[in-house]
Amino acid sequence: MKSKIGKLQIANFFLDLYKLQSGRPKTNDAEVRAVTSEKKEKDSIYELRVKSEDRWLKRRMSVGRLGESTGSKSLCYKVVYDELIVIKIPVKPITDFKDYLNHIQKESRIAARLGKDIECVSPGLSAIFKRIHRFQDEARLDSVELEKRYLMWLDDNYQHLKYLRIGDSFVFFMDLSKYMFLSSVISEMHQKDDFEGKVVEEIGHSSSLVTNASEIRAKSDDEEDLIYSRMKQLYGLYEAKVQFLIKHYQGLPPVSGYDIQNWFIAYITGTPLISKDQVLPESFVSELVETIRGVVSEHGRELKNYKQMIVETIIERTEIQNRPKMRGLVTNMLNVLALLMEKEVSIRDLKPDNIFVAGEAEKYPVFLTHPDEFSLGLIDFETAIRLDNGDGGQIGQPVIGGTPSYATPSHFFPNDILQNEYGSLKRIFFLQDWYAAIGIIYNIMKSRPLFVNTRKTLHKILTMRRAFVEKSIPLTEVFVYGGKLFWGVAYQEFKAALSRDEHLFKSVAVTLPDNVREMIHKTIVTERSQIQESIGMTVISQAFFDSYDKRKSLIQGSLKDIKGLRKRMEREKKSEKASIREKQRKAVVFLKKLEYLKTQAEHHDRMGKLLEKSSVQMTVFQILEIMFQIVVSSMYKPEWGKLDMANEGSGHAKSNDSGTPNGPGPDTKSAPDENVEKTRFDFANEPTVVCEIDQVPVNAQDKDMESQDIASDEDPTLVCDIDEE
């Protein structure tokens, strides 16, 4: 049975706490009043009221959801009650206090393992009990000692145990009073809380461009010149009609050109048309509104283009201002990954709502521009797992679950499935955090989720998983199907996102800390070894080229060699014998698979050499490509079928001007993300994920692995004729 605890239940819990803190009798009247309307996607503000003799004691608090849920993991709420508190609601009610303490201790052990390298906040008794009782020597107690003291205090104050419960379950409290969530920092950095206000302000500032021809001509961008020129025409038509209206309206006070311009700006920005100090007849105001509405309705496209240009101007300016902060946040996000690798811990639920920014509050937000002046800390270790077999056996089974925007199919299947498919659990668990970090870094840069369509595929996979369990069908089948679907969509979405914002991602360069450089280098070396093993197995397992020399040539041949051989075979005249034709076709399919592996191998070779240097600087574009390439090459198995990762147009086998390989590059032909426009003005938290499955786009494995060839490539000298039957 799942816990049914929502915002109102949490508000009522704090009402009881407020009554206790205010020292009023339990029998006194008390109530909760909603100040804001109930909306799941936004923070709700409540007023807590406690009757004290002939007056009401009042205070306010807010409650908001944190992130997404799949139903397999606890729900988290952020509460502002004096300070920021995170409340985690277990998916199944916990009614036994010992069981509750065991859950706390489990998360505390992970936090302790990360030690002083990564600042952590785990659930504890003190987060709520310090609001009820304080110890005189509390200042000299560390967090561990303070927890022990409250546990002993609870022995003599057992009646306060109820302040660890909401509804029918114990819940977990975390004190975030000293920190800010990364999600809040990102939102503030991108000015998302008042973006519409910025649009209004910018249109007001640029209003002279509507009326001043010289300023229009000063613009250097031809497209913007055209937009402003058409807006000038629109404004001229509006001005003429309003002047005509004013001229024929009796008893009207003097109206200036400034007033006429402000009316137009107010109308198109949705702000009050008439200022408080203006006294105008209501009939005139009505006719004025109708006049503006008529002009705007006739020229809606011009106005839409103008507003869109203003939006893009604000976004571009904000991104330029934010580049130093982006650099600092990306650097420290990578540092968290490196430290997790050193500590051999996988969090498995990294996301902006589970990460906080730790730095000197009085220096915020300036410290964001200096990576060494702040750090990123972690909360919520429910899904975390140690990767060092610390208990003397195999890696334990972690909680199955995750946050859809930052999770892969591997989050939702047991260890035996992952072991069977991948071999190394340790590598897969570690790369789960890499995948999440890719999404987080994108969020830092763009303040919106990356894998919007990809997460929808997880709903379908989870639905299938439940159906397979009910029918006793092996989970391996749904895992393989889900892997094909998920990674095909993820790859296409990743390519489109990098293509769309390529300039921004290439404009921010990060100097990799040594531990980050070593982490990426170590991972690339490991992956390179796996790829080479796959190349050997792939060549040995085929029967088209079965002599020792031919197989040796295929294993040792370069990407160019294999590509040239495949092209020659495709150009060869087809045999009249059906059996030979079929063998030729299958040989080409084999060579495409080998080409894909060689592409990865050469990419890893170049990156490995680059990362051997003592100081490496990479753009965010390069970092994302490298990380995604490594994750996909580990989690998508070649035997699952085609994945459009070997496309020559993608840039895998190429280098940019700095000599750094591009990895899976942008596809300029990719369809634009239909969510881009709507998310620009959608500032709410992501909604709760339900298991109703939306349609997802056709995935990449339905496309040919290589949809375009480079005609100028010279055929290499590798010759491996198909062995005759």
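What counts, and at which threshold
Residues numbered from 1 in each chain as written. Predicted model: local features only at pLDDT ≥ 70, side-chain atom pairs only at ≥ 80, totals over all residues. Heavy atoms only, no water. Helix = DSSP H or I, 4+ residues; strand = E, 2+ residues; numbered from the N terminus. Buried < 20%, exposed > 50% of the residue type's maximum accessible area, 1.4 Å probe, protein only. Contact = heavy atoms within 4.5 Å. Areas by Shrake-Rupley, 256 points an atom, 1.4 Å probe, with all protein chains shown as cover. Pairing = 2+ DSSP bridges. Axes fitted to C-alpha atoms, helices over the stretch in contact; angles between N-to-C directions. Polar contact = N/O pair within 3.5 Å; in protein donor to acceptor, adjacent residues only side chain to side chain. Salt bridge = Lys/Arg side-chain N within 4 Å of Asp/Glu carboxyl O. 1 Å grid on protein atoms, 1.4 Å probe; cavity = no way out; pocket = protein on both sides within 12 Å on 5 of 7 lines; lining within 4 Å. Points joined across faces, edges and corners; volume = space filled by probe spheres on them. Nonpolar A, V, L, I, M, F, W, Y, C, P; charged D, E, K, R; others polar. pLDDT = per-residue confidence, 0-100. Phe/Tyr/Trp six-rings, centres within 6.5 Å; stacked < 30°, edge-to-face > 60°. Lys NZ or Arg CZ within 6 Å of the ring centre and 35° of its normal. Parallel < 35°, antiparallel > 145°, perpendicular 65-115°, else oblique. Left-handed = near helix turned anticlockwise from the far one by under 90°. Expected span 1.5 Å × (residues − 1). Arc of directions from axis to C-beta. Core = buried A, V, L, I, M, F, W, Y, C linked by side-chain atoms within 4.5 Å.

**Some remarks on the overall build of the chain**
Thought 1: In terms of helices and strands, the chain carries 23 helices and 16 strands.
Thought 2: The burial tally for the chain puts 52% of its 725 residues in the buried class.
Thought 3: If you take every contact in the chain between residues at least 6 apart in sequence, the share linking residues at least 24 apart comes to 74%.
Thought 4: Of the roughly 34100 Å² of accessible surface on the chain, 49% is carried by carbon and sulfur atoms.

**A closer look at the sheet that holds strand β5 (residues 83-89)**
Thought 1: Taken in spatial order, the six strands line up as β1-β2-β3-β4-β5-β9 in an open sheet, and their pairing is antiparallel. Taken across any chain shown, the strands that pair with only one partner, and hence form the sheet edges, are β1 (30-34) and β9 (172-175). Going across the sheet, the axis of each strand differs from the next one's by a mean of 25°, ignoring polarity.
Thought 2: As paired strands, β5 and β9 are joined by four bridges and run antiparallel to one another. Looking at β9, one finds that I87 is bridged to F173.

**A closer look at the environment of T408**
Thought 1: As for its position among the elements, T408 is in the loop between β14 (385-386) and α13 (415-422).
Thought 2: Spatially, the C-alpha atoms of T408 and R455 are 8.5 Å apart, while their sequence positions differ by 47 residues.
Thought 3: The residues touching T408, leaving out its near neighbours within four places in the chain, are Q432, Y435, L458, F486, W487 and M635.
Thought 4: Of note is the side chain of T408, whose polar atom sits 2.6 Å from the side chain of S410.

**Remarks on the pattern of salt bridges**
Thought 1: Scanning the model with the defined rule gives 36 salt bridges in all.
Thought 2: For R149, the salt bridge identified is with D137, shortest N-O distance 3.0 Å. Residue R149 is found in helix α4 (residues 143-156), and its partner D137 is found in the loop between α3 (126-129) and α4; the two are separated by twelve residues along the sequence.
Thought 3: Among the ionic pairs, E582 bridges to R585, the shortest N-O distance being 2.8 Å. In this pair, E582 and R585 both sit in helix α21 (residues 578-610), three residues apart, roughly one turn of the helix.
Thought 4: Since its relative accessible area comes to 32%, E582 is described here as partly exposed.
Thought 5: One connected set of salt bridges, linked through shared partners, spans E319, K446, R448, R500 and D501.

**Observations regarding empty space enclosed by the protein**
Thought 1: Counting across every chain of the model gives four cavities of 30 Å³ or more.
Thought 2: Considered as a void within the structure, the largest cavity measures approximately 60 Å³ in volume.
Thought 3: Forming the boundary of the largest cavity are eleven residues, of which L66, E68, S74, C76 and K351 lie nearest the centre.
Thought 4: Of the residues that constitute the lining of the largest cavity, the class distribution is three nonpolar, three polar and five charged.
Thought 5: Considering only enclosed or pocket space, the second largest cavity measures out at about 40 Å³ in volume.
Thought 6: Every residue lining the second largest cavity is listed: R348, D349, L350, T403, Y406, A407, H411, Q432, D433 and A436.
Thought 7: Class assignment for the residues of the lining of the second largest cavity results in four nonpolar, three polar and three charged.

**Considerations on the confidence of the model for the chain**
When pLDDT drops low, the exact placement of atoms in the prediction is not to be read closely.
Thought 1: Here the chain averages 82 in pLDDT, while 82% of its residues score no lower than 70.
Thought 2: Predicted confidence for residues 211-220 stays below pLDDT 50, and this span has 14 contacts to residues more than four positions away or in other chains.
Thought 3: Note on residues 645-717: pLDDT under 50 across the span, and 177 contacts to partners over four residues away in sequence or across chains.

**Some details on the packing of aromatic side chains**
Thought 1: Across all of its chains, the model carries 36 aromatic pairs by this definition.
Thought 2: Chaining the aromatic ring pairs together yields one cluster made of Y435, F451, F486, W487, Y491, F494 and F628.
Thought 3: Note that R49 overlies the ring of W56, its terminal NZ or CZ placed 4.7 Å from the centroid.
Thought 4: Cation over ring: R165 sits above F170, and NZ or CZ is 4.8 Å from the ring centre.

**Observations concerning the sheet that holds strand β12 (residues 355-359)**
Thought 1: The four strands lie next to each other as β6-β13-β12-β10, forming an open sheet whose pairing is mixed. Strands at the two margins of the open sheet, each flanked by one partner only, are β6 (120-121) and β10 (180-181).
Thought 2: Pairing of β12 with strand β13 (residues 374-379), which is carried by five bridges, proceeds in the antiparallel orientation. Looking at β13, one finds that V357 is bridged to L376.

**With respect to the side chain of S633**
Thought 1: By the secondary structure assignment, S633 is in helix α22 (residues 620-635).
Thought 2: Here the side chain of S633 touches I630 through a polar contact of 3.0 Å, landing on its backbone oxygen.

**Quick look at the packing of helix α10 (residues 257-269) against helix α11 (residues 282-298)**
Thought 1: Look at α10 against α11: their axes get within 11 Å of each other, and the N-to-C directions meet at 65°. Between α10 and α11, the angle is such that the two are roughly perpendicular. When the axes of α10 and α11 are compared, the crossing they make is right-handed. Residue-level inspection shows W263, Y267 and I268 of α10 in contact with α11, the latter providing F284, L288, V289, I292, R293 and V296.
Thought 2: Residues belonging to the contact of α10 with α11 are distributed by class as follows: eight nonpolar, no polar and one charged.

**Description of the environment of V589**
Thought 1: For V589, the position within the fold is in helix α21.
Thought 2: Spatially, the C-alpha atoms of V589 and K642 are 10.0 Å apart, while their sequence positions differ by 53 residues.

**Here we look at α11**
Thought 1: The end-to-end C-alpha distance of α11, which contains 17 residues, comes to 25 Å, matching closely the 24 Å that a straight helix rising 1.5 Å per residue would cover.
Thought 2: Along α11, the residues that are buried comprise F284, V285, L288, T291, I292, V295 and V296. Take α11 and look down its axis: the buried residues cluster within an arc of 125°, on one side only. For α11, the exposed residues lying more than 90 degrees away from the buried face are E282, S297 and E298.

**Here we look at the nonpolar core**
Thought 1: Membership of the largest hydrophobic core comes to 102 residues, with the highest contact counts inside it found for L378, W434, W487 and L512.
Thought 2: A per-element tally of this core places helix α14 (residues 425-446) first, with 15 residues.
Thought 3: Setting aside residues up to four positions removed in sequence, L512 forms contacts with L334, R517, I520, L611, V616, M618 and I623.
Thought 4: Formed by 43 residues, the second largest nonpolar core is a distinct cluster that contains I94, F97, L161 and I166.

**Section: the side chain of R566**
Thought 1: Structurally, R566 can be placed in helix α20 (residues 559-571).
Thought 2: Taking the relative accessible area as the measure of exposure, R566 reaches 1% and is therefore buried.
Thought 3: For R566, the side chain forms a polar contact with the side chain of E570, separated by 2.9 Å.

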